[in-house]
Each structure stands twice: as structure tokens, then as C-alpha cells.
Amino acid sequence: MSTPASGIPVLVLKEGSTRSRGREAQHTNIMAARIIAEMVKSSLGPKGMDKMLVDSFGDVTITSDGRTILDEMDVQHPAAKMMVEVAKTQDNEAGDGTTTVVVLAGELLAKAEELIGKNIHPTIIIDGYKKAMEKALEILEKIAIPVDLNSTEYLKKTAMTSMASKLVAEHKEYLADLAVKAVLQVAEKADGKYKVDVDDVKVEKKPGESLRDTILVNGIVLDKEVVHPGMPKRVENARIALLDTPLEIEKTEFDAKINIESPEQMEAFLKQEEVMLRDMVEKLASVGANVVLCQKGIDDMAQHFLARKGILAVRRVKKSDMEKLAKATGGRIITNLEDMTSADLGYANVVEERKIGDDKMTFVEGCRNPRSVTILIRGATERVVDEAERSLHDAICVVRDIVEEPKILAGGGAPELEVARVLKKYAETLPGREQLAVKNFAEALEAIPATLAENAGLDPIDVLSELRARHEKNETWAGIEVISGKVQDMREAEVFEPLSVKKQVIKSATEAASMILKIDDVIAAAKMKPPSVPKEKGEEGAGE
Ligand SMILES: Nc1ncnc2c1ncn2[C@@H]1O[C@H](COP(=O)(O)OP(=O)(O)OP(=O)(O)O)[C@@H](O)[C@H]1O
Ligand SMILES: [Mg+2]
């Protein structure tokens with residue numbers, strides 16, 4: 001922006017830019033964001049529908065996970081992209097509630113538009129929404145139910161709720177149990193509080209068998225087989241070398257010409273390579289390794305020598321797995337074999353290759369660090385194991401959320417309605433215009449139980465009025481149980497959610513809605529033309 005002598009600021013736009021301002025800009029942004037919310041709305045709750053997403057390669061994903069739906073969609077509008085971002089934030093911060101956050105943000109925008117129509121300035125709406133958000137967080141804290149971590153009962157029930165809305169719901173009890181066990185195993189206690197890194201729970205998947213055959217392994221599972229048939233398939237008291245260097249003779253980077261004049265010379269040349277590989281294997285054996293896990297390749301000849309020494313070896317292990325292995329076994333990743341000592345070796349009780357379905361996988365069990373577990377997902381088809389992985393992610397995250405902040409809420413729209421009820425009372429204490437904003441915030445929250453009901457084929461208006469009446473009678477946990485279709489105490493229905501998920505939903509949705517409301521000027525540069533498309537004669541706008 002530059003200011004000429006007259007003092008009026010002038011905005012210099014690039015040729016081909018488009019600009020929309022004021023009401024019009026606001027309206028298009030709100031519309032774009034609401035369309036995204038409308039799209040995911042039908043997948044909210046246990047009775048929600050799944051989406052089938054087909055990417056440009058024809059790969060199919062079937063899911064009801066809010067974040068995954070939005071991730072797979074090619075969203076163009078900048079305001080719509082902000083909704084995709086909010087689902088991502090929710091997923092990273094809390095791991096669940098990604099559909100709810102988008103639906104709520106859309107609803108907050110719809111209610112804001114209503115107020116804009118009544119000539120209330122967006123700034124006032126944003127202020128009102130902020131007040132309402134703070135109050136809502138306070139109310140949630142107040143009604144939250146504390147959880148005793150000595151029992152896993154509520155951890156399991158919450159994990160089950162998070163999976164109730166997924167394809168894997170039929171096996172939610174079994175899978176919830178695995179998620180709870182896995183998280184408790186990797187939880188670290190410090191200053192009386194627990195800390196959980198969900199990355200410590202490795203999730204591997206292999207199509208075949210059924211979801212009930214999913215197992216929790218105390219250690220790390222690698223989707224790799226032992227490289228040579230002559231090697232042992234099982235090593236106890238494994239002393240593990242973790243290599244980030246190939247057991248191969250590296251090719252020179254430049255071309256060299258060697259003149260060989262006799263068969264003896266040829267033999268000596270090949271022998272030299274063999275000697276180098278043998279030395280590498282000798283080195284590994286001399287430090288006491290009986291298992292080699294290598295991130296790079298292993299030459300056939302080296303495999304042969306390793307097999308002769310009775311060493312079990314696996315090659316081309318993923319980098320992310322190498323890091324997990326280092327943490328789990330207490331070994332150090334070696335980049336230069338010559339410097340290796342026995343202190344660099346990791347330890348595990350057993351390393352074993354097992355046949356899983358049609359493939360072979362390598363299990364590293366009983367590691368030095370007990371805080372490393374793998375959930376190995378089995379299921380009828382690739383799509384099932386993929387969706388199971390996403391659902392387990394949600395379950396693992398909600399268990400972590402409670403372990404880190406041991407408070408829960410009952411679900412089914414009960415907390416949203418309770419917050420709405422108190423907010424409406426609170427609104428009356430505020431001056432005129434802000435009052436309207438807080439009231440509309442409360443109404444936006446009611447969209448969650450309304451959507452749950454609608455997705456279950458119930459009449460949202462009937463359900464809402466019954467819910468409002470019950471909350472007026474101080475039934476804090478009255479919600480809509482969508483399986484039975486009845487309004488009831490959601491604690492009895494055993495539908496529980498972590499407090500932190502709901503708090504994050506309210507914070508992120510308010511933030512996203514405010515951010516979109518604040519925009520009153522959209523300046524878009526002209527789209528870049530893909531360079532491969534030949535320009536047509538007389539086409540508008542210069543390419544450069
Ligand atoms: N049996 C039930 N009856 C009523 N509501 C339920 C029941 N089980 C779960 N819910 C509610 O469903 C909602 C969660 O639905 P869902 O898991 O589809 O969406 P999300 O958690 O917002 O997003 P995502 O799981 O895709 O990240 C919560 O409000 C929860 O209270
Ligand atoms: Mg969920």
C-alpha cells in the first residue's frame with residue numbers, strides 16, 4: 001500500500017486480480033464455509049452416513065472421519081480451506097471431534113449472518129462470540145465428571161463412544177480394550193501427571209482374517225521379512241544392530257575403467273569385494289550382534305555371510321520405524337560400521353519372523369524400553385483395515401486426552417444443550433447487541449443434538465424441545481441416545497467424551513468463525529496458468 005500526496009491510501013493490485021468487499025465478500029466466505037459444514041454434517045454421530053471418496057488415481061476411501069473427508073476433498077475456496085484447517089487443528093490437538101467442530105463453525109457462521117442481516121456489525125458479533133466461548137468453557141469445566149485413573153472403566157467407555165460412529169462399531173469393545181492397554185503402557189508419569197505420546201503406539205495393518213484378530217504386541221512389528229532363507233527365524237536374547245548404512249559395496253560415483261588381463265586378476269577383483277563384505281559381517285559379529293535391522297540394502301553375498309554366522313537380518317526398514325526401534329531397544333542407529341561398539345546394540349527378548357496372512361512380518365518383542373507397543377490391525381479388506389486404523393487413532397487419542405486431563409462429559413448433545421441453556425440466561429445480563437450474539441451462539445450449539453437426531457431419522461424439532469424442557473428441570477445430562485431414539489440421561493446410556501475434546505471443539509470453532517467474519521475484503525491474484533497448456537490466440541492476460 002502506498003500513500004500519495006493527497007493522503008488517500010491507494011491499493012495497487014496486480015493485473016488480473018479480482019476484489020470483492022464488504023457484505024459481498026462476507027457473504028461469499030460464509031457461504032463457502034457453510035457448504036463444507038453441510039457436507040460433513042450427515043456423517044455426525046453413530047447413525048451418521050459414511051462417505052466414499054475417489055481420488056484422481058481412482059483409489060477409494062470409505063470413511064466417516066471428518067478430517068479424512070475434508071483432507072481427501074480438493075477444496076478451492078479460501079474460506080472453505082479454513083474449515084479444512086480447523087478440522088486438522090482439532091485432529092492434532094484432541095484427535096476426535098473433527099466433524100463436530102466443522103458443523104459447529106458452520107452453524108456459528110449461519111447464526112452470524114442472521115445478525116449481519118439485522119445490521120449488527122461483525123466486530124460486535126465476534127466480541128459476543130468470544131464472551132460466549134469463555135463462558136461455555138467455564139460451564140463445561142463445572143459440569144465435567146472427574147475420572148479415577150485407577151480404574152479403566154471410563155477410559156474404555158469413552159474409547160467405545162469414539163468408535164461408535166465408525167465402520168468398526170461392531171467390534172468397538174474389543175478394540176477399545178486394546179487402545180486403553182496400549183495407551184496405559186506408553187504413559188509416562190511426571191510430577192503426578194501423565195504424559196502420553198501417541199506416536200509411541202505404532203499401528204501396523206495387514207488385510208486378512210477379521211477385526212477380532214487385531215492384536216496388541218509388546219514391542220515393534222515391522223512389515224518386512226527376514227532376508228535370507230538360511231537365517232534363523234527366531235532369535236532369543238536379541239542383541240540388535242540398527243544400521244543406517246548399506247551392507248553393500250557402494251558403487252563409485254564416477255566411471256572407472258579397469259583393465260583386466262588375466263583370469264587371476266578377475267578373481268582377485270571379485271575376491272576383494274567379497275573380503276570387504278565379509279569384513280562388514282565380521283565386524284557385526286565381533287561386537288556381538290545376533291540381529292541386524294538395516295535401513296538400507298543388504299548384498300546377496302553379505303546375506304550369505306550373515307546367515308552362516310546365524311544372524312537374523314532385515315533390510316529396507318522404514319526410517320520412522322528405525323527411530324522407534326532405537327527408542328524401544330535402547331540401541332543407537334549406526335551410520336559408520338567401523339565405529340560401532342557393543343554399547344551401540346539394542347536389546348529385545350525375542351526377534352521373530354511370523355507369517356501374517358500371506359505375508360511375513362518381523363516382531364521385536366520384550367524390548368528394553370517397555371514403552372513401545374504396536375497394534376497390528378487385521379480385517380477383511382484393505383478398506384476395512386484403513387478405516388480401522390483411523391478409528392483406532394481416534395480411540396487412542398481420546399484415551400490419551402483423559403489420561404492427561406482426567407475429566408469426561410456424557411455425550412449425545414447433553415453438554416451442548418446444558419451450555420446453551422446457561423448461555424441464554426447469561427445473555428440476558430448483557431447489553432442489547434452482544435446479547436443477541438451470545439443467544440445466537442447458544443442456538444448454534446443446539447445444532448449438534450439436532451444434527452445427531454436428524455441423522456438418526458428423528459424429528460430434530462421434537463427432540464430439541466424435549467431436551468430443552470428436561471434441561472430446564474435441571475437434568476444436566478439429558479441427551480438424545482440415537483440407537484434407541486430416546487431422550488435420556490446419557491450417563492446411563494454410557495456415552496462419554498473427554499472434556500478436552502469438547503473444549504477444543506468450542507475454541508476452534510469460535511476461532512474459525514471469527515476469523516472468517518473478520519474478513520471484509522478479498523483480493524485474489526489471477527490464477528496461474530499451468531505452463532504445459534499452450535496459450536490460445538487472443539487469450540486474456542499476459543502469462544508473465
Ligand atoms: N449412542 C449415542 N447416542 C447419541 N449420541 C452419540 C452416541 N454415541 C456417540 N454420540 C455422539 O456422537 C458425536 C460424535 O460423532 P462422530 O464421532 O461422528 O463425530 P466427531 O467425533 O465430531 O468427528 P470424528 O470422529 O469424525 O473426528 C458426539 O457428539 C457423541 O456424543
Ligand atoms: Mg468421533
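Heads up: the structure comes first, above all this text.
Only a predicted model underlies this, so the values are computations on that prediction, with no experimental measurement involved.

Participant: What should I look at first to understand the overall build of the protein in this one?
Facilitator: Across its full length, the protein carries 16 helices and 21 strands. Expressed along its principal axes, the backbone C-alpha trace of the protein runs to roughly 100 × 70 × 45 Å. By residue count, 49% of the 544 residues in the protein fall in the buried class. Partitioning the contacts of the protein with sequence separation of at least 6, the portion at a separation of at least 24 is 74%. In the form shown here, the protein has an accessible surface area of approximately 27300 Å², with 50% of it arising from carbon and sulfur atoms. Each charge class in the protein can be summarised by its mean position, and for the 76 positive and 93 negative side chains these summaries are 3 Å apart.

Participant: Explanation requested: the sheet that holds strand 7 (residues 201-207) in the structure shown.
Facilitator: The pairing of strands in a sheet comes from backbone hydrogen bonds and takes either a parallel or an antiparallel form. What the 3 strands build is an open sheet, ordered 7-16-8; its pairing is mixed. Every interior strand has two partners, whereas the edge strands, strand 7 and strand 8 (215-217), have only one. The sheet shows a mean angle of 25° between the axes of neighbouring strands, direction not considered.

Participant: Help me understand the site of ligand 1 in this model?
Facilitator: In the vicinity of ligand 1 lie 26 residues, with Thr98, Thr100, Ser165, Glu481 and Glu497 positioned nearest. Measuring from an oxygen atom of ligand 1, one finds a side-chain N or O atom of aspartate 96 at 2.8 Å. In the environment of ligand 1, an oxygen atom lies 2.8 Å from a nitrogen or oxygen atom belonging to the side chain of threonine 99. Its free accessible area being 640 Å², ligand 1 has 97% of it covered by the protein chains. If you map ligand 1 onto the pockets, it falls in the largest pocket. If you list the elements that add at least two residues to the shell around ligand 1, you get helix 4 (98-117) and strand 18 (478-481). Taken together, the residues of the shell around ligand 1 break down into 8 nonpolar, 12 polar and 6 charged.

Participant: Just to check I follow, could you spell out the nonpolar core for this structure?
Facilitator: Here is a general trend for soluble globular proteins: nonpolar side chains tend to be buried in one another's company. Counting residues in each nonpolar core, the largest one holds 112 residues, and the members touching the most others are Val102, Leu423, Phe441 and Leu517. Counting residues in each nonpolar core, the second largest holds 45 residues, with Leu242, Leu243, Leu277 and Val351 among its members.

Participant: So what exactly am I meant to see when it comes to the packing of helix 4 against helix 5 (residues 122-143) here?
Facilitator: Each packed pair of helices is defined by two parameters, the angle between the axes and the distance between the axes. Running from amino to carboxyl end, helix 4 crosses helix 5 at an angle of 135°, the nearest separation of the two axes being 10 Å. Judged by the angle between their axes, helix 4 and helix 5 are oblique. The chirality of how helix 4 crosses helix 5 is right-handed. Along the contact surface, helix 4 presents Leu108, Lys111, Ala112, Leu115 and Ile116, while helix 5 presents Pro122, Ile125 and Tyr129.

Participant: Can you walk me through a nonpolar patch on the surface in this structure?
Facilitator: Side chains of Ile258, Ile260, Met266, Phe269 and Leu270 sit close together on the surface and give an oily, nonpolar patch of about 440 Å² of accessible area. Tracing the sequence through the fold places isoleucine 258 in the loop between strand 10 (234-243) and helix 8 (263-286). Note on isoleucine 258: relative accessible area 53%, which makes it exposed.

Quick notes on the rules
- Residues numbered from 1 in each chain as written.
- Chains lettered and ligands numbered in written order.
- Predicted model: local features only at pLDDT ≥ 70, side-chain atom pairs only at ≥ 80, totals over all residues.
- Heavy atoms only, no water.
- Helix = DSSP H or I, 4+ residues; strand = E, 2+ residues; numbered from the N terminus.
- Buried < 20%, exposed > 50% of the residue type's maximum accessible area, 1.4 Å probe, protein only.
- Contact = heavy atoms within 4.5 Å.
- Areas by Shrake-Rupley, 256 points an atom, 1.4 Å probe, with all protein chains shown as cover.
- Lys, Arg positive; Asp, Glu negative; His and termini not counted.
- Charge placed at Lys NZ, Arg CZ, Asp CG, Glu CD.
- Pairing = 2+ DSSP bridges.
- Axes fitted to C-alpha atoms, helices over the stretch in contact; angles between N-to-C directions.
- Near = heavy atom within 4 Å.
- Polar contact = N/O pair within 3.5 Å; in protein donor to acceptor, adjacent residues only side chain to side chain.
- 1 Å grid on protein atoms, 1.4 Å probe; cavity = no way out; pocket = protein on both sides within 12 Å on 5 of 7 lines; lining within 4 Å.
- Sits in = over half its atoms within 2 Å of the grid points.
- Nonpolar A, V, L, I, M, F, W, Y, C, P; charged D, E, K, R; others polar.
- Core = buried A, V, L, I, M, F, W, Y, C linked by side-chain atoms within 4.5 Å.
- Parallel < 35°, antiparallel > 145°, perpendicular 65-115°, else oblique.
- Left-handed = near helix turned anticlockwise from the far one by under 90°.
- Patch = residues over 30% accessible without salt bridge, like charges linked within 9 Å, V, L, I, M, F, W, Y side chains within 5 Å.
- Salt bridge = Lys/Arg side-chain N within 4 Å of Asp/Glu carboxyl O.

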